[in-house]
Amino acid sequence: MAAEKWVYMVTAQTPTNIAVIKYWGKRDEVRILPVNDSISVTLDPDHLCTVTTVAVSPAFDQDRMWLNGKEISLSGSRYQNCLREIRGRAGDVEDKDKGIKIAKKDWEKLHLHIASHNNFPTAAGLASSAAGFACLVFSLAKLMNVNEDPSHLSAIARQGSGSACRSLFGGFVKWTMGSKEDGSDSVAVQLADEKHWDDLVIIIAVVSSRQKETSSTSGMRESVETSLLLQHRAKEVVPKRILAMEEAIKTRDFSSFTQLSCADSNQFHAVCLDTSPPIFYMNDTSHRIISLVEKWNRSEGTPQVAYTFDAGPNAVLIARNRKVAVQLLQGLLYYFPPKSDTDMRNYVVGDNSILKEAGLDGANSVENLQPPPEIKNNIGSQDQRGEVSYFICTRPGRGPVVLPDQTQALLDPETGLPK
Ligand SMILES: Nc1ncnc2c1ncn2[C@@H]1O[C@H](COP(=O)(O)OP(=O)(O)OP(=O)(O)O)[C@@H](O)[C@H]1O
Ligand SMILES: C[C@@](O)(CCOP(=O)(O)OP(=O)(O)O)CC(=O)O
């Protein structure tokens, strides 16, 4: 085998996810075991995703990884844990066309090249670590012919980043905290696929794409050490909310879904404030967006839009249907117009066909927007120009897939180096 120079590779695409019942706090830092269950919605990978190519060759002399074009170290324990776990489950691989045969025992000696690209900002509160580690584990499992179901793979991805375990599935996903010390029952399961509730439209306001000050990892460690509210939340609040959220998703009860999502996001940020020293992830823009949505929901009588914020100021807004999403976008663009000279197609990305539906695809269309009547004068006027960097319009989406088209590979099939 050593004399051969073949390169065998697999490319996969994996979605990111947004928690509607949050994971915040670990009971085991090394295995990444949480203090409570969490539930998320997988976001459509057509708009936000990670693509990872993994390659193996007898010509490689060490494991190497490139993230967004730059070589990064794989020496960190999270990468090492994922690589060790997945190698331990590798099977026999044979590609007759290429004359490649790798026996199960060979994987221990063979080295890997990994190239990954996120089509959205990394470490900016858009869950790049979730899509990234899920994609790493999924693509390696395909490369190494690992015969395990997605829940088992989720327990490996979890050891890269907790929230990554939920990105192994599309639609609506629960991460069960489990009770075993070895973490083998701390896995993700799919509650419903993406077609189950396909009315939902998701608009993300990217408030800041700069790297944040306190990472989720250190933030939740400090919360576990200092916040009494976290203990109460994990023990008393989340278990009931998980049951109620599962029911809301099952029955597509948008009112309950909204009430639970908003309350849980607010409690997660309250835990951050209850941490010593306090952690501030949201900013004034985030608070203005909450006000806008709360007032609108109240004036309509029944909730139209749910909001949730992760460890950063970006707002994730979930509209009950397309019509509501169009109105929401109009309201958001009225209050948060782009800086002058911004092309609207760069200001609303993802599924930007919504621009046409909102009458916002022409010149001066934002200037002509009227204030939403029910929230007029309530959150200030159009003085928030430039506070939102851009919006992403998306929807619930599918889980990981292999990309069979070699032209989408990030590594050169001859050299195994980044293209
Ligand atoms: N495509 C990827 N493949 C492998 N690892 C990745 C990938 N993208 C990001 N990561 C890892 O995740 C880290 C960023 O995680 P971090 O939790 O700081 O930010 P985030 O996931 O974007 O934000 P948040 O988790 O708060 O939503 C990177 O430094 C890198 O180690
Ligand atoms: C606020 C959150 O997004 C926290 C995510 O934390 P991470 O999964 O990024 O943390 P680590 O497990 O330390 O890598 C809530 C959530 O996704 O459930």
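Conventions used here
Residue indices follow the written sequence of each chain, beginning from 1 at its first position. Written order determines the labels here, with chains lettered from A and ligands numbered from 1. Totals for whole chains, interfaces and linings use every residue, but because this is a predicted model, local features are given only for residues with pLDDT of at least 70 and side-chain atom pairs only at 80 or more, for both listing and counting. The basis for every side-chain value is the complete set of non-hydrogen atoms in the structure, without hydrogens or water. UniProt positions are given in the numbering used here, feature names are shortened, and annotations may be inferred rather than shown by experiment. Any carboxyl oxygen of Asp or Glu within 4 Å of a side-chain nitrogen of Lys or Arg constitutes a salt bridge here. Strands here mean DSSP runs of E at least two residues long; helices mean DSSP runs of H or I at least four residues long; both are numbered from the N terminus. We define proximity as follows: a residue is near a molecule or strand when any one of its heavy atoms falls within 4 Å of that partner. Within 3.5 Å is the distance limit for a polar contact, defined as a pair of N or O atoms, with the added protein rule that one can donate a hydrogen and the other accept it, and that residues adjacent in sequence qualify only through two side-chain atoms. Calculation of accessible area relied on Shrake-Rupley with a 1.4 Å probe; when residues are assessed, cover is drawn exclusively from the protein chains displayed. Lys, Arg, Asp and Glu make up the charged group, whereas Ala, Val, Leu, Ile, Met, Phe, Trp, Tyr, Cys and Pro make up the nonpolar group; the residues left over, Gly among them, are polar. What marks off one domain from the next here is an automatic or database domain assignment. The disulfide criterion used throughout: a pair of cysteine sulfur atoms within 2.5 Å. Residue burial is assigned from relative accessible area. The probe radius is 1.4 Å, only protein chains are included, and a residue is buried under 20% of its type maximum, exposed over 50%, and partly exposed in between. DSSP bridges decide pairing: two strands pair if at least two such bridges lie between them. By definition, residues are in contact when any of their heavy atoms lie within 4.5 Å. Whenever a helix is involved, its axis is fitted only over the stretch in contact; in every case the axis is a line through C-alpha atoms, and angles between N-to-C directions fall within 0 to 180 degrees. Geometric relationships in this document are graded by angle, where less than 35 degrees denotes roughly parallel, more than 145 denotes roughly antiparallel, 65 to 115 denotes roughly perpendicular, and other angles denote oblique. Crossing handedness is read from the near helix: turned anticlockwise from the far helix by less than a right angle, it gives a left-handed crossing, and turned clockwise, a right-handed one.

Looking up the chain in an unreviewed UniProt entry gives the name Diphosphomevalonate decarboxylase, with the organism given as Microthlaspi erraticum. Of the chain, the UniProt comment under Function (unreviewed entry) reads exactly: "Performs the first committed step in the biosynthesis of isoprene-containing compounds such as sterols and terpenoids."

With that out of the way, let us pick up the pattern of salt bridges. Under the counting rule described, the total for this entry stands at 21 salt bridges. Arg-398 is the partner of Asp-46 in a salt bridge, and the nearest nitrogen-oxygen pair spans 3.4 Å. Of this pair, Asp-46 sits in the loop between strand S5 (38-42) and strand S6 (49-57) while Arg-398 sits in the loop between strand S18 (390-394) and strand S19 (401-402), placing them 352 residues apart in sequence. A cluster of three or more residues bridged by salt bridges with shared partners is formed by Asp-44, Arg-322, Asp-351, Glu-357 and Arg-395.

What surrounds ligand 2 is a group of 18 residues, the closest being Tyr-23, Lys-26, Arg-78, Ser-161 and Ser-163. Tyr-23 is positioned with one of its side-chain polar atoms (N or O) 2.6 Å from an oxygen atom of ligand 2. With the chains in place, 94% of the 460 Å² that ligand 2 exposes on its own is no longer accessible. In terms of residue count, helix H4 (residues 216-226) provides more of the shell around ligand 2 than any other element does, three residues in total. Of the residues in the shell around ligand 2, the class split is seven nonpolar, six polar and five charged. Residue-level mapping places the shell around ligand 2 at the junction of two domains, with at least three residues from each of domain 1 (8-194 + 402-408) and domain 2 (201-394).

Moving on, we get to the state of the cysteines. One pass over the structure, following the stated rule, counts zero disulfides. Lacking any disulfide linkage, Cys-135 is separated from the closest cysteine sulfur, that of Cys-49, by 7.9 Å. By relative accessible area, Cys-135 is classed as buried at 0%. Lacking any disulfide linkage, Cys-262 is separated from the closest cysteine sulfur, that of Cys-272, by 17 Å.

In this section: the sheet that holds strand S1 (residues 8-15). Spatial ordering of the open sheet is given by S8-S7-S11-S6-S1-S19, a layout of six strands whose pairing is mixed. Lying at the two open borders of the sheet, with one neighbouring strand each, are strand S8 (70-72) and S19. Two strands pair when backbone bridges link them, and strand S7 (residues 64-67) and S8 are joined in this way by three bridges, in the antiparallel orientation. Looking at S8, one finds that Trp-66 is bridged to Glu-71. Most of the contacts of helix H1 (residues 77-87) go to strand S11 (residues 111-118), to which it runs at about 125°, and overall it touches S7, S8 and S11. Contacts between helix H2 (residues 128-143) and the sheet are confined to S1, S6, S11 and S19, with S1 contributing the most and set at about 145° to the helix.

Next up on the list: the packing of H1 against H2. Helix-helix packing: each pair is described by the crossing angle between the helix axes and the interaxial distance. As a packed pair, H1 and H2 sit with axes 10 Å apart at the nearest point and diverge in direction by 25°. Between H1 and H2, the angle is such that the two are roughly parallel. Seen from above, H1 lies across H2 with right-handed handedness. Together, Arg-78, Tyr-79, Cys-82, Leu-83 and Ile-86 of H1 and Phe-133, Leu-136, Val-137, Leu-140 and Ala-141 of H2 make up the contact between the two elements. A per-class count over the contact of H1 with H2 returns nine nonpolar, no polar and one charged.

Turning our attention to the sheet that holds strand S2 (residues 17-21). As summarised here, the arrangement of the four strands in space is S2-S5-S12-S13, forming an open sheet in which the pairing is antiparallel. Where the open sheet ends on each side, the last strands, each with one partner, are S2 and strand S13 (188-192). Taken pair by pair, the neighbouring strands of this sheet meet at an average axis angle of 35°, ignoring direction. Inspection of the sheet shows S2 paired to S5 by four bridges, in the antiparallel sense. Its bridge partner being in S5, Ile-18 is matched across the sheet by Val-41.

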